[in-house]
Amino acid sequence: QLQLAESGGGLVQPGGSLTLSCVPADLTVGAYAIGWFRQAPGKEREGVACISSIGNTYYAGVVKGRFTISRDNDKNTVYLQMNSLKPEDTRVYYCATPLGPCIVENDNLVNDGAYWGQGTQVTVPS
């Protein structure tokens, strides 16, 4: 099984910014699509952002314009830059290798993940 490690979560005031990092083991980020997902207790997991193997980016409508997914091939790291954070963004965030290509339908990133990291908590108080 592939291993992915998320880091960078924390507590940020509304309107603040935070950057998450994902370092996969035994996977070259420049050759695979990688997505960010999030989940709250008792809620369904939702897709946040996805970057394809050729660098195209995809976003759920609720984060578009606020979040940016990127990668550094030399560091083999995928990032999620989060700006203008809201209390509704409070979730555990996961990176994962998506099943198939990145797909957005009706402002929803509909991919599921094949391999998941352990998650990192992002908290934005009300």
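Residues numbered from 1 in each chain as written. Predicted model: local features only at pLDDT ≥ 70, side-chain atom pairs only at ≥ 80, totals over all residues. Heavy atoms only, no water.

Peer 1: I would appreciate a short explanation of the overall build of the protein chain in the present structure.
Peer 2: Along its length, the protein chain carries zero helices and 13 strands. In sequence order, the secondary structure elements of the protein chain are arranged as β-β-β-β-β-β-β-β-β-β-β-β-β. For 126 residues, the compact-globule formula gives about 14 Å, and the C-alpha radius of gyration of the protein chain, at 13 Å, lands near that figure. Seen through its principal axes, the protein chain has C-alpha atoms that stretch 40 × 30 × 25 Å. Split into buried and exposed, the 126 residues of the protein chain put 42% on the buried side. (Helix = DSSP H or I, 4+ residues; strand = E, 2+ residues; numbered from the N terminus. Rg over C-alpha atoms; globule rule 2.2 N^0.38 Å. Buried < 20%, exposed > 50% of the residue type's maximum accessible area, 1.4 Å probe, protein only.)

Peer 1: Help me understand the side chain of Thr 120 in this model?
Peer 2: Turning to its location among the elements, Thr 120 is positioned in strand E13 (residues 120-123). A polar side-chain atom of Thr 120 sits 3.0 Å from the main-chain amide nitrogen of Gly 9. In this structure, Thr 120 is in contact with Glu 6, Ser 7, Gly 8, Gly 9, Leu 20, Arg 91, Val 92 and Tyr 93, ignoring residues within four places of it in sequence. (Polar contact = N/O pair within 3.5 Å; in protein donor to acceptor, adjacent residues only side chain to side chain. Contact = heavy atoms within 4.5 Å.)

Peer 1: In this structure, what is going on with the pattern of salt bridges? I would like to understand it.
Peer 2: Opposite charge on two side chains allows them to pair when their charged atoms are near. Within the structure shown, the criterion is met by five salt bridges. A salt bridge links Asp 89 to Arg 38; the shortest N-O distance between them is 3.0 Å. Taken together, the residues span a long stretch of sequence, with Asp 89 in the loop between strand E8 (77-82) and strand E9 (91-98) and Arg 38 in strand E4 (residues 34-39) at a distance of 51 residues. Neither Asp 89 nor Arg 38 differs from the other in exposure class; each is buried. Connected through shared salt-bridge partners, Arg 38, Glu 46, Arg 66, Asp 89 and Arg 91 make up one network. (Salt bridge = Lys/Arg side-chain N within 4 Å of Asp/Glu carboxyl O.)

Peer 1: Please explain the environment of Gly 119 as it appears in this structure.
Peer 2: Positionally, Gly 119 belongs in the loop between strand E12 (113-116) and E13. Counting along the chain gives 115 residues from Gly 119 to Leu 4, while the straight-line C-alpha distance between them is 9.3 Å. Not counting chain neighbours up to four residues away, the residues in contact with Gly 119 comprise Glu 6, Val 92, Tyr 93 and Tyr 94.

Peer 1: Explain the sheet that holds E8 here, please?
Peer 2: Working definition: the strands of a sheet are paired by backbone hydrogen bonds and lie parallel or antiparallel to each other. The strand order across the open sheet built from four strands is E1-E3-E8-E7, with neighbouring strands paired in antiparallel fashion. Looking at strand neighbours, the two that pair on one side only are strand E1 (3-7) and strand E7 (67-72), the edges of this open sheet. Neighbour-to-neighbour, the strand axes of the sheet open up by a mean angle of 20 degrees, direction not taken into account. Relative to E8, strand E3 (residues 18-25) runs antiparallel, the two sharing five bridges. Note that in E8 the partner of Leu 18 across the bridge is Met 82. (Pairing = 2+ DSSP bridges. Axes fitted to C-alpha atoms, helices over the stretch in contact; angles between N-to-C directions.)

Such coordinate-based values are descriptive only and should not be taken to indicate function.
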